[in-house]
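Residue-level structural notes
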Amino acid sequence: MQHVSPIREPLVTGGKTYHDITEDVCRQVEAGPNPRWAAALAVSLVGLAIFFYSVYRTLWFGIGEWGLNRTVGWAWDITNFVWWVGIGHAGTLISAVLLLFRQKWRSSINRAAEAMTIFAVICAAMFPVLHMGRPWLAYWVLPLPNTFGSLWVNFNSPLLWDVFAISTYFSVSLVFWYIGLIPDFATIRDRAVGPIARRAYSILSMGWTGSAKAWSRYETVSLILAGVATPLVLSVHTIVSMDFATSVIPGWHTTIFPPYFVAGAIFSGFAMVLTLMIITRKVFHLENYITLEHIESMNKVIITTGSIVGVAYTTEFFIAWYSGVEYESYAFLNRAFGPYWWAYWSMMTCNVITPQLFWFRTIRRSLTATFIISIFVNIGMWFERFVIIVTSLHRDYLPSSWAMFSPTIIDVGIYVGTIGLFFTLFFLFVKFFPVVNMAEVKAILKSSSEVTHTHADTMHGTDKDLNTNTHHRHE
Amino acid sequence: MNKKFVLGIYDDEDVLLHAIETIRATGTKIYEVFSPYPIHGIDDVLGIKRSRLPIVAFFGGLTGMSFALWMQIWMLGFDWPMIIGGKPHIALPSFIPVTFELTVLFAAFSMVIVFFIVTNLKPSMRVNVFDKRSTDDKFVMAIEVKEGVTDLSALNKLLRSNGAVEVNEKEVIK
């Protein structure tokens, strides 16, 4: 028997039973395509077409199709790479860190958030691979023998650490996600009517029966995977930040980078989770599972990490002055007041100011406001990476080589294209996979649904007034 | 050989847990319990031992760590030593990230592979689900029927008196 304080808000509303959960989640998998879903997928496919065209141009004509120049050798590609990897981090945070902290509200959003992680990492991986110029030689990043044609890879390079970090992160996240999906695939298999669906979900569910022994092992595996995924997710963005921090470029060579990047990653990731969940709950009528309580909890994470990021920006600026290093001070003054001032102030507005609105309860619980702010945060975090990368590079130690960067249409095409790729994958996921983790939501139903809460009111006679008041306040 | 089972169907986890305790106390052997979600506390009442999968993960991680260190030290320190950035050939601090990643990778994958093997999870069309509702909203307790030994009507009564909403019989073709 689990006990949950009656003061806590219910996590599942609408008086749902176990069977209702199955019905509500399986509906979009079993029913024909929803017209709104089909329209959304069509738009994403246009984005995907743009992606393929831009990739074709890049591969056929070379990296010269991008706006990079001698001074700014890294620009949109690495900006987009860091942006996508960062977005992925919220999924692991929800599925792993919140599992270790026993946060029950993660149950209904972890499936979609983890799917987001996997798709975001796929998008991220496109950029370094395309930037290689000859992506068909991408396997050269692996430690292959000298006789193969090149020397051993350089294990002192953060770029190589990235190869190991991102591929480990991707594969562990994929496995974690898939293990969570197995019991839900079994539910769909046992309900399937058509022979194709039954066949497909039988294979996907790996013969899962839900025996007590299997569940016991399942829980152990989830816990250990969460335990290893937690330091893993921190290591990934730490290593991404070291791509910059181990160099000697002013504005990059700072020890604050690892925690600052990790906080930023979680910040942007939660914004993307909110953007996606607000749409998904609306389109698939999941309001009883992804409640305002869930939205509010995520907004609290946003305000925390947003504030950490704000402190990091200020600290960087202070240290640039306090260090007395001429180049460092110039790099920061140039960021805020140089030719890219607009990017810097967009970043400051979107990342530092807008999330502070979440101190107001009404804004935290407003879907429209949350949706708009989440978009702002996504934009702000993209600008953060752009500011760090381009403003540090475009005016280096040698004023004669100073230059400006402007993206070409192909740069824009690849970026927009990966958004198309991401949403194509996400929309296919919501149609064919159970978008809410049914087993986990059923597991918390008895302790955290509205029904139980009403029971608690009658059971604890003396607390009754208090409980009723709490509920009124929330409604 | 065909096996016969009596299935007690429950619709509440707490009733089920209580029923398992009472039924096991009578000396009846429970073959298996199927549920739509993991029930906390069921391991104790069913007498399921703690899984040893964490040990697999630990040794997997240890293997990954040793392998990663050996690989980097051998490649850059012995097989083809090069001076990179004025650092020693075996620059341990910069080998840590890759070592950490491979530790995690090996720990996770060794455990997951063993989990799939011991739980007998494999892509298969033949699934032995006793009652299809057990992946939806019902909890199913299966008790094996031994010809001539098991008293069916007594078993039926025992299950029902412990809160089973339905009692069915099921034959499984092996």
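For clarity, every value in this text was computed on a predicted model and none was experimentally measured. (Residues numbered from 1 in each chain as written. Chains lettered and ligands numbered in written order. Predicted model: local features only at pLDDT ≥ 70, side-chain atom pairs only at ≥ 80, totals over all residues. Heavy atoms only, no water.)

**Some points on the overall build of chain B**
- Looking only at helices and strands, chain B has 5 helices and 4 strands in total.
- When the helices and strands of chain B are read in sequence order from the N terminus, they spell out β-α-β-α-α-α-β-α-β.
- Taking 174 residues into account, the globule formula puts the C-alpha radius of gyration at 16 Å, and chain B, at 26 Å, lies well above it.
- With the C-alpha coordinates of chain B rotated into their principal frame, the extents come out at 85 × 35 × 30 Å.
- A buried classification covers 45% of the 174 residues belonging to chain B.
- For chain B, long-range pairs separated by at least 24 residues make up 78% of all intrachain contacts whose partners lie at least 6 apart in sequence.
- Carbon and sulfur atoms provide 61% of the accessible area of chain B, an area that totals close to 9,300 Å².
- Across chain B, the centroid of the 18 positively charged side chains sits 6 Å from that of the 19 negatively charged ones. (Helix = DSSP H or I, 4+ residues; strand = E, 2+ residues; numbered from the N terminus. Rg over C-alpha atoms; globule rule 2.2 N^0.38 Å. Buried < 20%, exposed > 50% of the residue type's maximum accessible area, 1.4 Å probe, protein only. Contact = heavy atoms within 4.5 Å. Areas by Shrake-Rupley, 256 points an atom, 1.4 Å probe, with all protein chains shown as cover. Lys, Arg positive; Asp, Glu negative; His and termini not counted. Charge placed at Lys NZ, Arg CZ, Asp CG, Glu CD.)

**Considering the confidence of the model for chain B**
All names here are of chain B.
- When pLDDT is averaged along chain B, the result is 86, and 98% of the positions lie at 70 or above.
- Across chain B, helix α4 (residues 92-118) holds the top mean pLDDT of 94, while strand β4 (residues 166-173) sits lowest at 78.
- Predicted complex metrics record ipTM = 0.92 and pTM = 0.90. (pLDDT = per-residue confidence, 0-100.)

**Observations regarding the interface of chain A and chain B**
- Every contact between the two is made by 57 residues of chain A and, on the other side, 64 residues of chain B.
- For the pair chain A and chain B, the two sides together bury roughly 5,600 Å², of which 70% comes from carbon and sulfur.
- The largest contributions to the chain A side of the interface with chain B come from Trp 152, Phe 155 and Asn 156 of chain A, which together make up 13% of the buried area.
- In this assembly, chain A and chain B are joined by 0 salt bridges.
- Across the chain A-chain B interface, the total number found is 15 residue pairs in polar contact (both at pLDDT 80 or more). (Buried area = accessible area lost by both parts, 1.4 Å probe. Salt bridge = Lys/Arg side-chain N within 4 Å of Asp/Glu carboxyl O. Polar contact = N/O pair within 3.5 Å; in protein donor to acceptor, adjacent residues only side chain to side chain.)

**Let's talk about the environment of Pro 97 of chain B**
- Inspection of the secondary structure assignment puts Pro 97 of chain B in helix α4.
- On the basis of relative accessibility, which here comes to 13%, the residue Pro 97 of chain B falls in the buried class.
- Sequence separation between Pro 97 of chain B and His 18 of chain B is 79 residues, and the spatial gap between their C-alpha atoms is 50 Å.
- Sequence-distant contacts of Pro 97 of chain B, that is, excluding residues within four places in its chain, are made with Trp 161 and Ile 239 of chain A.

**Considering the packing of aromatic side chains**
All names here are of chain A.
- Evaluation of the coordinates by the stated rule reveals 62 aromatic pairs over all chains.
- When the centroid spacing of 4.9 Å and the interplanar angle of 40 degrees are considered together, the rings of Trp 84 and Phe 422 count as tilted. Of the two residues, Trp 84 sits in helix α3 (residues 76-100) while Phe 422 sits in helix α14 (residues 409-432), which places them 338 residues apart along the sequence. Like Trp 84, the residue Phe 422 is buried in the burial classification.
- Geometrically, the ring pair formed by Phe 244 and Phe 261 is tilted, given 5.9 Å between the ring centres and 45 degrees between the ring planes. (Phe/Tyr/Trp six-rings, centres within 6.5 Å; stacked < 30°, edge-to-face > 60°.)

**Quick word on the packing of α3 of chain A against α14 of chain A**
All names here are of chain A.
- Packing of α3 against α14 leaves a shortest axis separation of 10 Å and a crossing angle of 20 degrees. By the criterion of interaxial angle, the relationship of α3 to α14 is roughly parallel. At the point where α3 passes α14, the crossing takes the right-handed sense. Contacts between α3 and α14 involve Trp 76, Asn 80, Trp 83 and Trp 84 from the former and Asp 411, Val 412, Tyr 415, Thr 418, Ile 419 and Phe 422 from the latter.
- Split into classes, the residues belonging to the contact of α3 with α14 amount to 7 nonpolar, 2 polar and 1 charged. (Axes fitted to C-alpha atoms, helices over the stretch in contact; angles between N-to-C directions. Parallel < 35°, antiparallel > 145°, perpendicular 65-115°, else oblique. Left-handed = near helix turned anticlockwise from the far one by under 90°. Nonpolar A, V, L, I, M, F, W, Y, C, P; charged D, E, K, R; others polar.)

**Considering the pattern of salt bridges**
All names here are of chain A.
- Scanning all chains against the criterion turns up 16 salt bridges over all chains.
- The shortest N-O distance in the salt bridge between Glu 23 and Arg 191 comes to 3.1 Å. One end of the pair, Glu 23, is in helix α1 (residues 18-30); the other, Arg 191, is in helix α5 (residues 158-191), and 168 residues separate them in sequence.
- For Glu 23, a relative accessible area of 28% translates into the label partly exposed.
- One salt bridge connects Arg 57 with Glu 65, and the closest N-O pair in it is separated by 2.8 Å.
- Under the relative-accessibility criterion, Arg 57 is labelled partly exposed at 24%.
- Because the salt bridges share partners, they merge into one network encompassing Glu 296, Arg 361, Arg 364 and Arg 365.

**Focus: the pairing of strand β3 (residues 139-145) of chain B**
Residue and element names in this part refer to chain B.
- Of all the 7 residues making up β3, 6 are buried; the element is thus mostly covered by neighbouring parts of the structure.
- When strand β1 (residues 2-10) meets β3, the two strands line up antiparallel, connected through 7 bridges. When the sheet's bridge partners are listed, Gly 8 is paired in β3 with Met 141.
- Alignment of strand β2 (residues 32-34) against β3, held across 3 bridges, turns out to be antiparallel. In the sheet register, Val 33 faces β3, and the bridge partner there is Met 141. (Pairing = 2+ DSSP bridges.)

**Structural notes on the side chain of Asp 411 of chain A**
- Among the secondary structure elements, Asp 411 of chain A is positioned in helix α14.
- Beyond its immediate stretch of four places on either side in the chain, Asp 411 of chain A contacts Trp 66, Gly 67, Trp 76 and Phe 405 of chain A.

**Topic: helix α6 (residues 195-205) of chain A**
Residue and element names in this part refer to chain A.
- Buried residues of α6: Tyr 201, Ser 202 and Ser 205, and no others. All buried residues of α6 lie within an arc of 110 degrees about the axis, which places them on one face of the element. Across α6 from its buried face, at more than 90 degrees, point the exposed residues Pro 195, Ile 196 and Arg 199.
- The inward-facing, buried residues of α6 contact α1, α5 and α14.
- Just beyond α6, the residue with positive phi is Met 206, at close to 55 degrees. (Arc of directions from axis to C-beta.)

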